[in-house]
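Here are the chains, one letter per residue:
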Amino acid sequence: MERMKIAVVMGSTRPGRLADAVAGWLMEQLTRREDAEYEIVDLADHALPLLDEPMPAIMGEYRNPHTRAWSERVAGFDAFVFVTPEYNRSIPAALKNALDYLYAEWGDKAAGIVSYGADAGGARAAEHLRQILGELRVADVRSTVAFNKYVDFDAEHRFAPAPYRSDELHLMLDQLVSWAAALRATRAVAR
Ligand SMILES: Cc1cc2nc3c(=O)[nH]c(=O)nc-3n(C[C@H](O)[C@H](O)[C@H](O)COP(=O)(O)O)c2cc1C
């Protein structure tokens, strides 16, 4: 069977974002795993405009080259790790926009969430993201990793997570890989 492919989706596009440090640590942790191929998907590289498709994504009729390119990228993955900061108690607009662009490409796939924020580890963004993923038929796993800007980063904003964070991450990834494999079978039947 072909190896599973899991995207690490960086939800922040802001210059100077902490997302780079979080995703960097994540990718370092992922080199220890052989259960899937993990790949960064940086929304900043895709530079999607605010949704400009005339038809809702559920129709699957894409007019714009940037939508087709985004569709092709997302369709190739079996599962997603969303790395999201909390912006005004939700996910960044760039991540919501990127999710809104597509429909079938997300569906019957698994997701895990790594969040971060100023005071509650980005927990409100993570919960909001779960609501959105439900509509997109994405199965989000129970365990999460939630970093706090003033605990997991030092005074110079260098990422310095406690060792137990690594255990939390691998627990989440174990759940993710298990559901991703199960949903691969579901997709094979559904299509
Ligand atoms: C527009 C904006 C809104 C924010 N709102 C919240 C918030 O509601 N709750 C919170 O805990 N942190 C909030 N923060 C703090 C961010 O979560 C924190 O700065 C984080 O580092 C941003 O991620 P980034 O650096 O990868 O862009 C906000 C930051 C920005 C830029």
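Residues numbered from 1 in each chain as written. Predicted model: local features only at pLDDT ≥ 70, side-chain atom pairs only at ≥ 80, totals over all residues. Heavy atoms only, no water.

Draft legend 1. Geometry of the overall build of the chain. Scanning the chain from N- to C-terminus turns up six helices and five strands. Element order for the chain, N to C, with α for helix and β for strand: β-α-β-α-α-β-α-β-α-β-α. Its C-alpha atoms give the chain a radius of gyration of 16 Å, near enough to 16 Å, the size a compact globule of 191 residues would have. Counting across all 191 residues of the chain, residues that qualify as buried make up 51%. The long-range share in the chain, meaning contacts at least 24 apart out of those at least 6 apart in sequence, stands at 80%. Roughly 9400 Å² of accessible area belongs to the chain as shown, and the carbon and sulfur atoms make up 53% of that amount. Averaging the coordinates of the 22 positive side-chain charges in the chain and doing the same for the 28 negative ones gives two points 2 Å apart. (Helix = DSSP H or I, 4+ residues; strand = E, 2+ residues; numbered from the N terminus. Rg over C-alpha atoms; globule rule 2.2 N^0.38 Å. Buried < 20%, exposed > 50% of the residue type's maximum accessible area, 1.4 Å probe, protein only. Contact = heavy atoms within 4.5 Å. Areas by Shrake-Rupley, 256 points an atom, 1.4 Å probe, with all protein chains shown as cover. Lys, Arg positive; Asp, Glu negative; His and termini not counted. Charge placed at Lys NZ, Arg CZ, Asp CG, Glu CD.)

Draft legend 2. Quick look at the nonpolar core. Judged by nonpolar contacts, the single largest core of 31 residues is most densely connected at Leu 26, Val 81 and Val 114. Of all the secondary-structure elements, those providing two or more residues to this core are strand 1 (5–10), helix 1 (19–30), strand 3 (79–85), strand 4 (109–117), strand 5 (138–148) and helix 6 (164–190). The element contributing the most residues to this core is helix 6, with seven residues. Setting aside residues up to four positions removed in sequence, Val 114 forms contacts with Val 22, Leu 26, Val 81, Phe 82, Val 83, Thr 84, Val 145, Phe 147, Leu 169 and Met 172. Ala 7, Ala 98, Leu 99 and Ala 125 belong to the second largest nonpolar core, which has 29 residues in total. (Core = buried A, V, L, I, M, F, W, Y, C linked by side-chain atoms within 4.5 Å.)

Draft legend 3. Main features of the site of the ligand. Around the ligand sit 16 residues in total, of which Arg 14, Leu 18, Tyr 87, Asn 88 and Tyr 116 are the nearest. Between the ligand and Leu 18 there is a distance of 2.7 Å, counted from an oxygen atom to a backbone nitrogen or oxygen. Here a nitrogen atom of the ligand sits 2.7 Å away from a polar atom, N or O, in the main chain of Asn 88. In isolation the ligand exposes 610 Å². Once the protein is present, 78% of that is buried. Among the cavities detected, the one that contains the ligand is the largest pocket. Tallied by class, residues from the shell around the ligand come to six nonpolar, three polar and seven charged. (Near = heavy atom within 4 Å. Polar contact = N/O pair within 3.5 Å; in protein donor to acceptor, adjacent residues only side chain to side chain. 1 Å grid on protein atoms, 1.4 Å probe; cavity = no way out; pocket = protein on both sides within 12 Å on 5 of 7 lines; lining within 4 Å. Sits in = over half its atoms within 2 Å of the grid points. Nonpolar A, V, L, I, M, F, W, Y, C, P; charged D, E, K, R; others polar.)

Draft legend 4. Representation of the pattern of salt bridges. Within the structure shown, the criterion is met by 18 salt bridges. The salt bridge partner of Asp 174 is Arg 33, with a shortest N-O separation of 2.8 Å. Here the residue Asp 174 occupies a position in helix 6, and Arg 33 occupies one in the loop between helix 1 and strand 2 (37–42), the gap between them amounting to 141 residues. Taking the relative accessible area as the measure of exposure, Asp 174 reaches 45% and is therefore partly exposed. Judged by its relative accessible area of 11%, Arg 33 falls in the buried class. Across the pair Lys 96 and Asp 100 runs a salt bridge, and its minimum N-O distance is 3.1 Å. Separated by four residues within a single helix, Lys 96 and Asp 100 lie in helix 4 (residues 93–100), roughly one turn from each other. Given the relative accessible area of 33%, Lys 96 is considered partly exposed. (Salt bridge = Lys/Arg side-chain N within 4 Å of Asp/Glu carboxyl O.)

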